[in-house]
Amino acid sequence: MSILVGKGSRILIQGITGREASMILPDMLKYGSKVLAGVTPGKGGQTIQGIPVYDSVKEALDIHSEINTSLVYVPPFAAKQACMEALDNGIHLLNVVTERVPVRDSWAIIKKAKELNARVIGPTSLGIISPGKCKLGPIGGNDPSSVYQEGSIGVMSKSGGMTTETSWVLRLNDFGQSTAVGLGGDVLMGSMFTDLLPLFNEDQQTKAIVIFGELGGLQENAVAEYVKHFGQPKPIVAFIAGKFSEHLPQAIFGHAGAIIQGGKDSPHEKIKELETAGIRVAKVHHEIGEILKEVL
Amino acid sequence: MKLFEFEGKQLFQKYKISIPMSTVFSKEVKINLLEFKQGYAVKAQVTAGKRGVSGGVVLTHSKIEAEQAVHELFSKKIHGFPVEHVLVEEKQNIECMYYFSITYDTVEKCPVLSFSKNGGIDIEKMVDLYRLDIPIEYNSKQVLDWLNSIGLQKVNLSDLEQLICQAFTCFLEEDLRVLEINPLVFSQEQKWIACDSKILTDDDAQFRHKERIFPSRNEFGKIPTIRELQAKEIDQDDYRGVGGKYTELTGNIAMLTAGGGASLTNMDALLAYGGKPANYTEYGGNPPQEKVYKLTKVILSKPGLVGCWHVGGTANNTQIDVTMKGFALALEEIKPEYPIVVRRDGPNSSEGFRILEETAKKLKLNLKWFDKNMPMTESAEVLMKMVKEYQKKKGLN
């Protein structure tokens, strides 16, 4: 089946006339993703690569009522407004590619989504791909199938580039992906690992889950908590980047969260907590493939 | 951006959070102290923590001693930071010291208030941190109930709640990531006073605060090296791609790493295979040839290198022929003897590898390159084997 996006995804692109959105649009269309409409205020009535553009989400939905997914590709200052508009109009899956969204705005978006029982992936997401079914956002570039092939591994990553590199390591070990998700590594993530774990656990296509985490934030620690609390029916293999920073003087790579979180957000501590919960953590990134072979 | 204490307190004043009477002095300004009846707290303005233990704070009763302290602090370095400003405040008659902060809880995905009855010490040492998430919006009654549950004796809780409410407004309105008051003092005069401020602003929200300009600063407590300064210039006057991030470290393997997450991952891999990175860098966003050329020159100009690793994932946009050309041009000038390993893939990679091969042949370099069929982090192992042979041959260790 895969999760989040698939054959049934009917996509709206907010900010479709922007430079970057119009660059990735042909890649999505070529892959067979069903993009029905775009929105850019003031540009309603145009078409871009055959896709109609509307002034508002409501106008787009009036004509294309099947839309169930929005790819948000607007500038940072407009991200909150765009997400609110999509949520208010009943779209239940938002994938926010926009980078550098203020944390306060992310909080507002997350609150609204929670209230309406909708799901937000991002900000700073590379996109979502369910190989062979749907590609949402820039993930995989113009040649997704060179890395992403239909398979049994669910991939979640805080780093955009490493979503693809992690999926590539799987491919080198003859594993494909059910769905690969670029979660974005912002302070507040619309969806974190533990928000999507239940989906992967229920998904019949997914046999194991790979997590790419980083220093900072406690989202990886939450995975350990989750597994300890609810148990975990499918194997998880994790990698946590940034261990080298702990060998340096604090002053060089000291970061904001650490002030408050008392060191729990260090790679070392995250790895310890994950391993205590019974999750295998790769020491070096490419070992993910070998560990997967062992656990499956 | 991390704010200096006095800048944070200016924000506090804007939101009517009480702070001590004070004057801030810059290095060039003549020191002219006010009369403070309760004595003087003289504080070096640096963004590093643990300022007290490293002599950055001087308490005194006499005005003359306070003046002397100001001069002394200007000549000091606190955790490597030169002191550019000194804040002189009136000492407070302390009844109790507390800790208070607001930040975002990354798992609950909302702001969180933290409070401790043991203010004035390091957060890491605090054993009694009480937390209250603000999932939807600030609610005075809820905060009062929370404060009541903490069991604070003989202090004015409704005044405290009012201060917290103002601090919360400040946190949101000013787009902060961290607002910390430590110590938050309850004075013998029964007043709540913010005696310190630690503020981290959200740079991504700067577009909402165009009027709020804080001068640029060194936030890492380290005087930049010549190479770090040279690298910084790379991105000036050229917005295409990023090539100027460079942090010098103590090792001997030159790192030319592409991409944020990939650079972290590859630094870890080098350490895992026994290598010591000479630097940290991240380049990306399809930089032009000149930027990679300049960055390579900066990285390879560090003395004592025994290897070079040019590594990144499979790029989406970055043109591999362009970046390899920049890299090769720098190699032509430097002609390193030590081993070089390149692992990269992406647009026009075959042309990129052709350029590399040609350069390696011409200069007789000890260079191996790999495309994506070699896992990124595995190429660290290849490099470290070559480095060991090189060191053996050269009698280095």
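Residues numbered from 1 in each chain as written. Chains lettered and ligands numbered in written order. Predicted model: local features only at pLDDT ≥ 70, side-chain atom pairs only at ≥ 80, totals over all residues.

(A) Broad picture of the overall build of chain B. Helix and strand counts for chain B come out as 10 helices and 18 strands. Split into buried and exposed, the 397 residues of chain B put 46% on the buried side. Sequence-distant contacts in chain B: of pairs separated by 6 or more residues, those separated by 24 or more amount to 72%. (Helix = DSSP H or I, 4+ residues; strand = E, 2+ residues; numbered from the N terminus. Buried ≥ 20, exposed ≤ 12 C-beta atoms within 10 Å, placed from the backbone. Contact = placed C-beta atoms within 7 Å.)

(B) Highlighting the overall build of chain A. When helices and strands are counted, chain A shows 11 helices and 14 strands. Principal-axis analysis of the C-alpha atoms gives chain A an extent of 55 × 40 × 35 Å. Counting every position in chain A, which comprises 296 residues, the buried fraction comes to 56%.

(C) Highlighting the interface of chain A and chain B. Listed by partner, the interface residues are 45 residues for chain A and 49 residues for chain B. For the side of chain A that touches chain B, the leading source of residues is helix α5 (residues 160–172) of chain A, giving 7 residues.

(D) Just the pairing of strand β18 (residues 367–370) of chain B, in detail. Residue and element names in this part refer to chain B. Two elements, strand β17 (residues 340–345) and β18, share 4 bridges in a ladder whose sense is parallel. Bridging from a neighbouring strand, Val341 pairs with Lys368 of β18. Tracing the backbone out of β17, into helix α9 (residues 349–363) and back to the parallel element β18 gives a crossover that is right-handed. (Pairing = 2+ DSSP bridges. Right-handed = clockwise from strand over helix to strand, strands pointing away.)

(E) The arrangement of the sheet that holds strand β2 (residues 40–44) of chain B in detail. Residue and element names in this part refer to chain B. Strand order in the open sheet formed by 4 strands is β1-β6-β2-β3, and the pairing between neighbours is antiparallel. Sheet topology places β1 (22–26) and β3 (57–60) at the edges, where each strand pairs with a single neighbour. With direction set aside, neighbouring strand axes in the sheet form an average angle of 15°. Running over the sheet, helix α2 (residues 63–74) touches β1, β2, β3 and β6 (85–90) and is turned about 5° from β2. (Axes fitted to C-alpha atoms, helices over the stretch in contact; angles between N-to-C directions.)

(F) Seen up close, the nonpolar core. Within the largest apolar cluster, 140 residues are counted, with the highest numbers of intra-cluster contacts made by Leu12, Val72 and Cys83 of chain A. Those residues in contact with Val72 of chain A, other than ones at most four positions away along the chain, are Gln14, Gly15, Ala79, Ala82, Cys83, Leu94, Asn95, Val96, Val97 and Thr98 of chain A. (Core = buried A, V, L, I, M, F, W, Y, C linked by C-beta atoms within 7 Å.)

(G) Expanded view of the packing of α5 of chain A against helix α6 (residues 260–272) of chain B. Interaxial distance between α5 of chain A and α6 of chain B falls to 6 Å at its minimum, and their mutual angle equals 60°. When the axes of α5 of chain A and α6 of chain B are compared, the pair comes out oblique. Taken together, the residues of α6 of chain B that come into contact with α5 of chain A (itself represented by Gly161, Met162 and Glu165 of chain A) are Gly260, Gly261, Ala262 and Thr265 of chain B. Of the residues contributing to the contact of α5 of chain A with α6 of chain B, the split by class is 2 nonpolar, 4 polar and 1 charged. (Parallel < 35°, antiparallel > 145°, perpendicular 65-115°, else oblique. Nonpolar A, V, L, I, M, F, W, Y, C, P; charged D, E, K, R; others polar.)

(H) Representation of the sheet that holds strand β16 (residues 307–314) of chain B within the structure. Residue and element names in this part refer to chain B. Strand order in the open sheet formed by 4 strands is β14-β16-β17-β18, with parallel pairing between adjacent strands. The open sheet has two free edges, formed respectively by β14 (253–257) and β18, since each of these has just one partner strand. Taking each pair of neighbouring strands and ignoring which way they run, the sheet shows an average axis angle of 15°. Both β14 and β16 contribute to a ladder of 5 bridges, which runs parallel.

(I) Structural context of the confidence of the model for chain B. Residue and element names in this part refer to chain B. With 97% of its residues at a pLDDT of 70 or more, chain B has an overall mean of 92. Mean pLDDT in chain B bottoms out at strand β5 (residues 81–82), which sits at 82, and peaks at strand β11 (residues 192–194), which reaches 98. Here the complex is predicted with pTM 0.93, and the ipTM for its interfaces comes to 0.94. (pLDDT = per-residue confidence, 0-100.)

(J) Highlighting the pairing of strand β4 (residues 51–54) of chain A. Residue and element names in this part refer to chain A. Pairing between strand β2 (residues 35–39) and β4: 2 bridges, direction parallel. From the neighbouring strand, Val39 faces β4, where its bridge partner is Tyr54. Bridge count for strand β3 (residues 47–48) against β4 is 2 bridges, and the pairing is antiparallel. Within β4, the residue paired with Thr47 across the bridge is Pro52. Between the antiparallel neighbours β3 and β4 lie 2 residues, among them Gln49 with a positive phi of about 50°.

(K) A look at the environment of Arg227 of chain B. All names here are of chain B. Among the secondary structure elements, Arg227 is positioned in helix α5 (residues 226–234). C-beta crowding within 10 Å serves as the criterion here: with 19 such atoms nearby, Arg227 is assigned to the partly exposed category. The sequence separation of Arg227 and Tyr246 amounts to 19 residues, and the corresponding C-alpha distance is 7.9 Å. Leave out the neighbours within four places in its chain, and Arg227 touches Tyr246, Glu248, Val298, Ser301 and Lys302.

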